[in-house]
Amino acid sequence: MNILLYGIIITAALLFVLIILLIISLVQLKAGKQPRLAKRCPTCGQILEPEWNRCPFCTESEEPRTFPTTATIPELPPIGYLIVKSGADRGKVYKIEKESINIGSGNYNDIIINDNSVSPQHAKIWTSNKRFFIADLHSQAGTKVNNKIIEQSEIYDNDVITIGENIFVFKVLE
C-alpha cells in the first residue's frame, strides 16, 4: 500500500510541474514572446547568438565577404627612411614623409644633425614620380652617395649617404 501511495504522490508532483510549465509558456505567448529557435552555423552546426553574423567556432560568415580591388585601393607614394649608421645620432631613423626635406645643422631643417662637419643647410631630399633624389646645397664637407661626391643624384633602396661625417642608409618602402 505504501508503494501505491508513493506512486500517486510522484505522479501528482510531475503533473503539477507540467501544468506550471504550460502556464509559463502560455503567458509568454500572450505577452508576444515567441519561443526562440536556436540559430545554428550552417558549416559546423554550433548554436549561435541571434546577433552574430559569423560563427566564432569555424569563422564562417552569413554575409558574403568582399575584398578590396585594385580600383578601391588608393595609389600611395613610396616612403623613404634615413637610418643613421654612424655619427652623433647613430641608430636613429628619420622618416621622409614630405615631398621635400632639408638636412643640416640649422634649427630650421627637417632633419637636424648636431655635428660641426654638417653645414647649416647641407642637403635636400625630394620625391618626384615615385623616385627619390638628393642634392648637396653647396655644403663645406660635401654629400656622398655610395662614396661618390654628388651635386645631385637619384637615390635607391640601400644606398649609403654620407653627410659630413655621418653615414646613413637610405631605405624605401613601396
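Residues numbered from 1 in each chain as written. Predicted model: local features only at pLDDT ≥ 70, side-chain atom pairs only at ≥ 80, totals over all residues. Heavy atoms only, no water.

Q: Explanation requested: the pairing of strand S12 (residues 160-163) in the structure shown.
A: Two faces, one strand: in a regular strand the side chains alternate between the faces of the sheet. In this sheet, S12 lies alongside strand S9 (residues 143-145) in antiparallel orientation, the contact comprising 3 bridges. Following the sheet pairing, Lys144 is matched in S12 by Thr162. Note: S12 against strand S13 (residues 166-173), 4 bridges, orientation antiparallel. Bridge assignment links Ile161 to a residue of S13, and that residue is Phe168. Following S12, the chain reverses through 2 residues before pairing antiparallel with S13; Gly164 in that reversal takes a positive phi of roughly 65°. (Pairing = 2+ DSSP bridges. Helix = DSSP H or I, 4+ residues; strand = E, 2+ residues; numbered from the N terminus.)

Q: Can you help me understand the sheet that holds strand S8 (residues 131-136) in this one?
A: Hydrogen bonds between backbone atoms are what pair the strands of a sheet, whose relative direction is either parallel or antiparallel. With mixed pairing, the 5 strands of this open sheet are ordered in space as S6-S5-S7-S8-S11. At either margin of the open sheet sits one strand with a lone partner, and together these are strand S6 (111-112) and strand S11 (152-155). Where strand S5 (residues 100-104) lies against strand S7 (residues 123-128), 4 bridges are found, and the strand directions are antiparallel. Looking across to S7, one finds that Ile103 is bridged to Ala123.

Q: Please explain the environment of Thr127 as it appears in this structure.
A: Tracing the chain through its elements places Thr127 in strand S7. In this structure Thr127 comes out as partly exposed when scored by relative accessible area, which is 24%. Along the chain, Thr127 and Ile155 lie 28 residues apart, while their C-alpha atoms are 9.9 Å from each other. Setting aside its immediate chain neighbours within four residues, Thr127 contacts Glu99 and Phe132. (Buried < 20%, exposed > 50% of the residue type's maximum accessible area, 1.4 Å probe, protein only. Contact = heavy atoms within 4.5 Å.)

Q: For this particular structure, what's the right way to read a nonpolar patch on the surface?
A: A grouping of Leu15, Phe16, Val17, Leu18, Ile19, Ile20, Leu21, Ile23, Ile24 and Val27 is seen on the molecular surface, where their side chains present a nonpolar patch of about 940 Å² in accessible area. If you trace the backbone, Ile23 turns up in helix H1 (residues 2-30). (Patch = residues over 30% accessible without salt bridge, like charges linked within 9 Å, V, L, I, M, F, W, Y side chains within 5 Å. Areas by Shrake-Rupley, 256 points an atom, 1.4 Å probe, with all protein chains shown as cover. Salt bridge = Lys/Arg side-chain N within 4 Å of Asp/Glu carboxyl O.)

Q: What's the story with unusual backbone geometry in this structure? I'm lost.
A: Residues apart from glycine generally show negative phi values, whereas peptide bonds are mostly found in trans. Non-glycine residue Asn146 carries a positive phi angle of around 50°. Note that Asn146 resides in the loop between S9 and strand S10 (148-150). Asn146 sits in the partly exposed class, given a relative accessible area of 40%. Unlike most non-glycine residues, Asn147 shows phi in positive territory, near 70°. The class of Asn147 is exposed, set by a relative accessible area of 65%.

Q: Even after reading the chapter, I still don't get the nonpolar core, so can you show me in this structure?
A: It is characteristic of soluble globular proteins that their nonpolar side chains tend to be buried jointly. Among the nonpolar cores identified, the biggest contains 20 residues, and Leu82, Ile125 and Ile161 are the most heavily contacted of them. Those elements giving two or more residues to this core turn out to be strand S3 (79-86), strand S4 (93-96), S5, S7, S8, S12 and S13. Discounting chain neighbours no more than four positions away, the residues touching Ile161 are Leu82, Ile134, Thr143, Lys144, Val145, Ile155, Asn166, Ile167, Phe168 and Phe170. (Core = buried A, V, L, I, M, F, W, Y, C linked by side-chain atoms within 4.5 Å.)

Q: Would you take a moment to explain the sheet that holds S12 for this structure?
A: Ordered by their spatial adjacency, 6 strands build an open sheet running S4-S3-S13-S12-S9-S10, and the pairing between neighbours is antiparallel. Only two strands of the sheet have a single neighbouring strand rather than two, namely S4 and S10. Across the sheet, the axes of successive neighbouring strands diverge by a mean angle of 30°, strand direction being ignored. In this sheet, S4 lies alongside S3 in antiparallel orientation, the contact comprising 4 bridges. Residue pairing in the sheet places Tyr81 in a bridge with Lys95 of S4. (Axes fitted to C-alpha atoms, helices over the stretch in contact; angles between N-to-C directions.)

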